[in-house]
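Chain by chain, the residues run as shown.
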Amino acid sequence: MSDHGSAGSDGSARSDGSARSDGSTRGDGGGPELLVVDAANVVGSVPDGWWRDRAGATERLRNKLAVIAREGLPAIQTGEPPEVVLVVEGAARGVESIPGVRVVAARGSGDDAIVELVAAERVAGRRCVVVTADRELRRRVTELGAELLGPRSVR
């Protein structure tokens, strides 16, 4: 959608060989599920004045996601909380990572950055869950094997 900078990281890498809720293993990638959140789509899903302060609205979302990173999300619970990645773009690109939430500032389209992230993680055999209501993005990531949740799941 717009221009973007670099990403930060909280440096937390977790790994285990536990089974998924469907009985299968997580694959060679190991580690917890990856929860990838489309910041622009989730922030824009609630008309709460976000357009007046996109970065502030994205920071509030990031802070809510930190709770999910600590406690998990019932919709994807499989033994440990997910690794949370928040993909930002445009006016929100200055939002920084915090413990539990890695913020990735897309260099170009946020959707393209999400697709690239999912593609890389799926090659490694990792379960990826993408949070967005964007129909085209949903199509693209499900073709790669990602699962989907809507914006309400993290709001």
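Rules used in this analysis
All chains use their own residue numbering, which begins from 1 and follows the written sequence. It should be noted that, the model being predicted, local features are given only for residues of pLDDT at least 70 and side-chain atom pairs only at 80 or more, the latter also being counted only at that level, while totals for whole chains, interfaces and linings use all residues. Side-chain metrics in this entry use all non-hydrogen atoms of the structure; hydrogen atoms and water are not considered. Relative accessible area decides the class of each residue, using a 1.4 Å probe on protein chains only: under 20% of the type maximum gives buried, over 50% gives exposed, and in between gives partly exposed. Helix and strand assignments follow DSSP, with helices taken as H or I runs no shorter than four residues and strands as E runs no shorter than two, numbered in order from the N terminus. A pair of strands counts as paired when DSSP detects no fewer than two bridges linking them. Should a side-chain nitrogen of Lys or Arg be within 4 Å of a carboxyl oxygen of Asp or Glu, the pair is scored as a salt bridge. For this analysis, a nonpolar core means a set of buried residues of the types Ala, Val, Leu, Ile, Met, Phe, Trp, Tyr and Cys, connected via side-chain atoms within 4.5 Å. The predictor's confidence in any single residue is recorded as pLDDT, a number from 0 to 100. Contacts between residues were defined by any pair of non-hydrogen atoms, one from each residue, lying within 4.5 Å. Angles run from 0 to 180 degrees between N-to-C directions of axes, and those axes are lines fitted to C-alpha atoms, restricted for helices to the stretch in contact. The cut-offs work like this: below 35 degrees is roughly parallel, past 145 is roughly antiparallel, 65 to 115 is roughly perpendicular, and the gaps in between are oblique. For a crossing to be left-handed, the near helix must be turned anticlockwise from the far one by less than a right angle; the clockwise case is right-handed. Each residue after the first adds 1.5 Å to the expected span of a helix. Identification of polar contacts relies on pairs of N or O atoms within 3.5 Å, with a donor-acceptor requirement for protein atoms, meaning one able to donate a hydrogen and the other able to accept it, and with residues adjacent in sequence counted only if both atoms are side-chain atoms.

## Overview of the pairing of strand S2 (residues 83–88)
Inference 1: Burial analysis of S2 places six of its six residues in the buried class, which makes it a mostly covered element.
Inference 2: Pairing of strand S1 (residues 34–38) with S2 involves five bridges; the strand directions are parallel. Across the sheet, Val37 pairs through a bridge with Leu86, a residue of S2.
Inference 3: In the sheet, S2 pairs with strand S3 (residues 101–105) via five bridges, with the strands oriented parallel. Each residue of the ladder has a partner; that of Leu86, found in S3, is Val103.

## Focus on the pattern of salt bridges
Inference 1: Per the stated rule, a full pass over the model turns up nine salt bridges.
Inference 2: Between Arg155 and Asp48 there is a salt bridge, with the nearest N and O atoms lying 3.5 Å from each other. Residue Arg155 is found in the segment after strand S5 (147–149), and its partner Asp48 is found in the loop between helix H1 (39–43) and helix H2 (54–71); the two are separated by 107 residues along the sequence.
Inference 3: Relative accessible area serves as the criterion here: at 41%, Asp48 is assigned to the partly exposed category.
Inference 4: Salt-bridge contacts for Arg126 lead to Glu83; the nearest nitrogen and oxygen are separated by 2.6 Å. Pair noted here: Arg126 is in the loop between helix H3 (110–123) and strand S4 (128–131) and Glu83 is in strand S2, with a separation of 43 residues, a long-range link. As far as the burial class goes, Arg126 and Glu83 line up, both buried.
Inference 5: If you follow the salt bridges from partner to partner, you end up with Glu83, Arg102, Glu121 and Arg126 in one network.

## Some points on the nonpolar core
Inference 1: Within the largest apolar cluster, 27 residues are counted, with the highest numbers of intra-cluster contacts made by Leu35, Val37, Leu61, Leu65, Leu86, Val101 and Val154.
Inference 2: Where this core is concerned, the elements lending two or more residues are S1, H1, H2, S2, S3 and S4.
Inference 3: Counting 16 residues, the second largest nonpolar core, distinct from the first, contains Ala113, Leu117, Cys128 and Leu137.

## A short note on the confidence of the model for the chain
Inference 1: Summary statistics for the chain give a mean pLDDT of 83 and a share of 80% for residues scoring 70 or more.
Inference 2: Every residue in residues 1–28 scores below 50 in pLDDT, and together they form 78 contacts with partners more than four places removed in sequence or on other chains.

## A few points about the environment of Gly56
Inference 1: Assignment of secondary structure puts Gly56 in helix H2.
Inference 2: Gly56 sits 39 residues away from Val95 along the chain, and the two C-alpha atoms are 8.4 Å apart.

## Focus: the packing of H3 against helix H4 (residues 135–143)
Describing two packed helices takes the angle between their axes plus the distance from one axis to the other.
Inference 1: In the contact formed by H3 and H4, the axes pass within 9 Å of each other and the chain directions differ by 15°. As the angle between them shows, H3 and H4 are arranged roughly parallel. Here H3 runs over H4; the crossing is right-handed. Every residue of H4 that contacts H3 at Asp111, Asp112, Ile114, Val115 and Val118 is listed here: Leu137, Arg140 and Val141.

## Looking at H3
Inference 1: The first and last C-alpha atoms of H3 sit 20 Å apart over 14 residues, in line with the 20 Å expected at 1.5 Å per residue.
Inference 2: Every buried residue of H3 is listed here: Gly110, Asp111, Ala113, Ile114, Val115, Leu117, Val118 and Glu121.
Inference 3: In this structure Ser109 caps H3, since a side-chain oxygen of it lies 3.1 Å from the backbone nitrogen of Asp111.
Inference 4: Positive phi shows up at Gly125, right after H3, with a value of about 85°.

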